[in-house]
Amino acid sequence: EAGVAQSPRYKIIEKRQSVAFWCNPISGHATLYWYQQILGQGPKLLIQFQNNGVVDDSQLPKDRFSAERLKGVDSTLKIQPAKLEDSAVYLCASSLVLAGAGTDTQYFGPGTRLTVL
Amino acid sequence: EDKVVQSPLSLVVHEGDTVTLNCSYEVTNFRSLLWYKQEKKAPTFLFMLTSSGIEKKSGRLSSILDKKELFSILNITATQTGDSAIYLCAVLQGAQKLVFGQGTRLTINP
């Protein structure tokens, strides 16, 4: 079974530029998550999708971050404009069960390391 | 505010030692507690604990949850250099939301 795929693996940009990350979850997984992991910290949830709808985006800085999951499969996360403090690893994860329908493991992709100069 | 606190933040031991990693939590709508191992980037799943007092084992790793005292421990016996990693504790809330601790960086010296 293929895992969660993410691209690119690394990205270096200057502040105020834009950047986009892509995630392809495990086939059949209804729920998709984007996390931000700053160096030395645990991952922090940015947004959670169930199919193509948003379940939780309470910690997404909506003035600069946006995400979508068209057709309920792949997802993109965009930052526009980027700030220095956005330097982090952006992890995508997916899980099989629907939100609130039971407990299930989240499987993580390899992440994208973003450096903002 | 929901929080998950891990200790120690960093631990260095010799190969063959036994280590215990700690995780305490204060969260609303608790469903289960998970442990992940993070070596390069992607956290990989180790255990999911839902019931108190039931130990889960996988080889040299084991974990247990205490829902009364709101903590969990992860034990690794006969450590090997390949166990060097960051170990993340996370609590699963309500609608599948994971709240992570800051992680414990474990280094195993040969």
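A short tour of the structure in this document, coming up. Because the structure is a prediction, the values reported are computed rather than measured.

**Some details on the pattern of salt bridges**
Point 1. On inspection of all chains with the given rule, the structure shows five salt bridges over all chains.
Point 2. Between A:Asp56 and B:Lys97 there is a salt bridge; the shortest N-O distance is 3.8 Å. Residue A:Asp56 is located in strand E6 (residues 53-56), and its partner B:Lys97 is located in strand E10 (residues 97-100); the two belong to separate chains.
Point 3. Looking at A:Asp56, the relative accessible area reads 17%, which means it is buried.

**Considering the state of the cysteines**
Point 1. A full pass over the atoms with the stated rule returns two disulfides over all chains.
Point 2. The disulfide partner of A:Cys23 is A:Cys92, and the S-S distance across this bridge is 1.9 Å. Between A:Cys23 and A:Cys92, the disulfide has an S-S torsion of -70° and is therefore left-handed. Here the residue A:Cys23 occupies a position in strand E3 (residues 19-24), and A:Cys92 occupies one in strand E9 (residues 88-95), the gap between them amounting to 69 residues. The exposure classification of A:Cys23 matches that of A:Cys92, with both residues buried.
Point 3. The disulfide partner of B:Cys23 is B:Cys89, and the S-S distance across this bridge is 1.9 Å. Since a negative S-S torsion denotes a left-handed disulfide, the B:Cys23-B:Cys89 link at about -65° is left-handed. Of the two residues, B:Cys23 sits in strand E3 (residues 19-26) while B:Cys89 sits in strand E9 (residues 85-93), which places them 66 residues apart along the sequence.
Point 4. Owing to a relative accessible area of 0%, B:Cys89 belongs among the buried residues under this scheme.

**Considering the packing of aromatic side chains**
Point 1. Under the definition given, this model contains 10 aromatic pairs over all chains.
Point 2. Plain terms: the ring middles of B:Tyr25 and B:Phe30 are 5.0 Å apart, the flat faces sit at 15° to each other, and that makes the pair stacked.
Point 3. The exposure class of B:Phe30 is partly exposed, given its relative accessible area of 22%.
Point 4. Between B:Tyr36 and B:Phe45, the ring centres sit 6.1 Å apart and the planes meet at 75°, which makes this aromatic pair edge-to-face.
Point 5. Site record: aromatic cluster; members linked through ring pairs are A:Tyr33, A:Tyr35, A:Phe108, B:Tyr36, B:Phe45 and B:Phe100.

What counts, and where the lines are drawn
Residues numbered from 1 in each chain as written. Chains lettered and ligands numbered in written order. Predicted model: local features only at pLDDT ≥ 70, side-chain atom pairs only at ≥ 80, totals over all residues. Heavy atoms only, no water. Salt bridge = Lys/Arg side-chain N within 4 Å of Asp/Glu carboxyl O. Helix = DSSP H or I, 4+ residues; strand = E, 2+ residues; numbered from the N terminus. Buried < 20%, exposed > 50% of the residue type's maximum accessible area, 1.4 Å probe, protein only. Disulfide = S-S within 2.5 Å. Phe/Tyr/Trp six-rings, centres within 6.5 Å; stacked < 30°, edge-to-face > 60°.

Keep in mind that these numbers describe shape and distance, not what the molecule does.
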